[in-house]
Amino acid sequence: MAAKSNEGYAIYEPAFDDHSPRRLTLMSELRRAIESSQLELYYQAKVSLQSGQLFGAEALLRWQHPRHGFIPPDEFIIMAERTRMIKPLTLWVLKEAFKQSALWHAQGKDLIISVNLSTRDLHDPELPDLVSGIAASTGIRPEWVMLEITESSIMTDPDRALEIIKRLNGMGYQFSIDDYGTGYSSLAYLKKMPLAELKIDRSFVAEILTNENDEVIVNATINLAHNLGLHVTAEGVENEAIMHKLSAHGCDLVQGYFFNQPMSLADFECWMQENPWQ
Ligand code: C2E
Ligand code: CA
Ligand code: CA
Ligand code: CA
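Residues numbered from 1 in each chain as written. Chains lettered and ligands numbered in written order. Predicted model: local features only at pLDDT ≥ 70, side-chain atom pairs only at ≥ 80, totals over all residues. Heavy atoms only, no water.

**Q** What am I meant to see in the packing of aromatic side chains here?
**A** Given two aromatic rings, their pairing is described by the distance between the two centres and the angle made by the two planes. Using the criterion set out here, one finds eight aromatic pairs in the structure. Arranged with centres 5.3 Å apart and planes meeting at 85°, the rings of W63 and F76 form a pair that is edge-to-face. Of this pair, W63 sits in strand β4 (residues 54-65) while F76 sits in helix α2 (residues 73-82), and the two are 13 residues apart along the sequence. Judged by its relative accessible area of 0%, F76 is buried. Within the aromatic cluster, the residues linked to one another by ring pairs are Y43, W104, F268 and W271. (Phe/Tyr/Trp six-rings, centres within 6.5 Å; stacked < 30°, edge-to-face > 60°. Helix = DSSP H or I, 4+ residues; strand = E, 2+ residues; numbered from the N terminus. Buried < 20%, exposed > 50% of the residue type's maximum accessible area, 1.4 Å probe, protein only.)

**Q** How do you make sense of the pairing of strand β6 (residues 112-116) when you look at a structure like this?
**A** Counting buried residues in β6 gives four out of five residues, a clear majority hidden from the surface. Looking at chain direction, β4 and β6 are connected through three bridges and run parallel. Residue pairing across strands places A57 opposite I113, the latter belonging to β6. Across four bridges, β6 lies against strand β7 (residues 145-150) in parallel orientation. Bridge assignment links I113 to a residue of β7, and that residue is V145. Regarding topology, helix α4 (residues 127-138) serves as the crossover connection from β6 to the parallel β7, and that connection is right-handed. (Pairing = 2+ DSSP bridges. Right-handed = clockwise from strand over helix to strand, strands pointing away.)

**Q** Explain the coordination of the calcium ion (ligand 3) to me, please; I cannot follow it from the model alone.
**A** Note on metal geometry: ideal angles are 109.5 degrees for four donors arranged tetrahedrally and 90 or 180 degrees for six donors arranged octahedrally. For the calcium ion (ligand 3), the full set of protein donor atoms is D178 (OD), D179 (OD), E235 (OE) and E235 (OE), at a range of 2.1 to 2.7 Å. Read in sequence order, the donor residues for the calcium ion (ligand 3) give the motif D-D-x55-E. The metal-metal distance between the calcium ion (ligand 3) and the calcium ion (ligand 2) is 3.9 Å, with D178 coordinating both. You can see D179 sitting in strand β8 (residues 174-180) and its partner E235 sitting in the loop between β10 (231-234) and α10 (240-248), a full 56 residues away along the chain. (Donors = N, O, S within 2.8 Å, 3.2 Å for Na, K, Ca; no water.)

**Q** Just to check I follow, could you spell out helix α3 (residues 86-106) for this structure?
**A** Note on helix geometry: an α-helix contains 3.6 residues per turn, so any two residues three or four positions apart are oriented the same way. The end-to-end C-alpha distance of α3, which contains 21 residues, comes to 30 Å, matching closely the 30 Å that a straight helix rising 1.5 Å per residue would cover. With its phi angle positive at about 80°, G108 sits one or two positions after the end of α3. (Expected span 1.5 Å × (residues − 1).)

**Q** Whenever I open this one, the site of ligand 1 confuses me. Can you help?
**A** If you check the shell around ligand 1, you find 23 residues, and the closest are R62, S118, R202, E238 and Y257. One nitrogen or oxygen atom from the side chain of Q44 is found 2.9 Å from a nitrogen atom belonging to ligand 1. D179 is positioned such that a nitrogen or oxygen atom in its side chain is 3.2 Å from an oxygen atom of ligand 1. Protein burial of ligand 1: of its 800 Å² of free accessible surface, 88% is covered by the chains. Most atoms of ligand 1, that is more than half of them, are within 2 Å of grid points of the largest pocket. When residues of the shell around ligand 1 are traced back to their parent elements, those giving at least two are β4, α2 and β8. Per-element accounting of the shell around ligand 1 gives the leading share, four residues, to β4. (Near = heavy atom within 4 Å. Polar contact = N/O pair within 3.5 Å; in protein donor to acceptor, adjacent residues only side chain to side chain. Areas by Shrake-Rupley, 256 points an atom, 1.4 Å probe, with all protein chains shown as cover. 1 Å grid on protein atoms, 1.4 Å probe; cavity = no way out; pocket = protein on both sides within 12 Å on 5 of 7 lines; lining within 4 Å. Sits in = over half its atoms within 2 Å of the grid points.)

**Q** Please explain the side chain of S48 as it appears in this structure.
**A** Following the sequence through the fold, S48 ends up in strand β3 (residues 39-48). For S48, the residues in contact, after removing those within four places along its chain, are Q53, F55, D252 and L253. (Contact = heavy atoms within 4.5 Å.)

**Q** Explanation requested: the coordination of the calcium ion (ligand 4) in the structure shown.
**A** Every protein donor of the calcium ion (ligand 4) is listed here as D179 (OD) and D179 (OD), and their distances to the metal cover 2.9 to 3.0 Å. Separating the calcium ion (ligand 4) from the calcium ion (ligand 3) is a gap of 3.8 Å, which D179 spans by donating to each of them.

**Q** Even after reading the chapter, I still don't get unusual backbone geometry, so can you show me in this structure?
**A** Peptide bonds are mostly trans, and most non-glycine residues show a negative phi. Unlike most non-glycine residues, R84 shows phi in positive territory, near 65°. Along the chain, the position of R84 falls in the loop between α2 and α3. Although it is not a glycine, D179 sits at a positive phi angle of roughly 50°. The partly exposed category is assigned to D179, whose relative accessible area is 25%.

**Q** Help me out: how do you make sense of the nonpolar core in this one?
**A** A general tendency of soluble globular proteins is for nonpolar side chains to be buried together. If you look at the biggest cluster of nonpolar residues, it comprises 80 residues, and the most contacted ones within it are L30, F98, Y173, L246 and F268. Filtering out sequence-adjacent residues up to four positions away, Y173 remains in contact with F98, V131, S132, A135, I140, P142, V145, L147 and L168. (Core = buried A, V, L, I, M, F, W, Y, C linked by side-chain atoms within 4.5 Å.)

**Q** In this structure, what is going on with the pairing of β3? I would like to understand it.
**A** Each regular strand carries side chains that alternate between the two faces of the sheet. The element β3 is largely enclosed, with a buried count of nine among its 10 residues. In this antiparallel pair of consecutive strands, β3 and β4, the connection spans five residues, and G52 shows a positive phi of 75°. Taken together, the two bridges between β3 and strand β11 (residues 253-254) define a ladder with antiparallel strand orientation. Looking at β11, one finds that V47 is bridged to V254.

Below you can see the structure in the form of structure tokens.
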């Protein structure tokens, strides 16, 4: 049975296990979802603390299933990873995001679009050429794109991931390390990665006002990132007080419900118009 979570998603009980028939059905449905229009990108703003300007937007995948309603990305992406459906999924996301980036730039909106990559994507030697093909067909410049990767996706097979990352970075794509602090990345590897951004996981941001340890961690992370030449985004910024605290610690960019919830393209474009960003 599906129950509603507070984010309006359908929650499945019992949880999908690897061999459940339901999971297999869902994966074949995902294949169809990519071809029909059940998938959609939502957008969430990234705002510069120093200038107050809109820096860019993160593209977040949504699947509106005809029977189950919204299925949270966390859930179907994990399954897609296990069944190798992730590749067509990632390529669909990249294509949609790049098309949108091209439109924004044609309208004079100088936004950086952030796209999430999965572990398996970072092990795929075909990825760089595929990405470059999508860039060519949509007319975007790699400098307009930030690719978000997690610590755990790097650490699964660091040498292989590093090679793919270096090839894409050589073409001009920027990289961000997502959910920083939740994984076990080795500093030695982080230093080797051509990263532009570090994103502090929202679990540290949420309690920064009340938990001294979290504040210490956030502050140390910002200093570490700056010393490595990276800018820092804090995710999960839900109120103004948190934003001010982050600003006091020298954080560069913020993202979270305080600014906007991830929203459909149409809503995001209205939101941009209503807010004095540019
Ligand atoms: P993420 O990359 O860490 O994305 C941030 C998540 O935090 C999003 O959840 C977003 O809606 C949520 N969020 C943003 N601001 C706030 C806030 O102020 N408070 C709280 N409580 N939450 C906030 P979402 O959209 O459900 O995505 C979950 C995860 O699914 C993402 O985490 C990412 O790992 C994955 N994902 C989403 N889209 C894609 C995609 O296109 N490709 C891949 N590979 N993964 C994706
Ligand atoms: Ca992300
Ligand atoms: Ca994140
Ligand atoms: Ca996350």
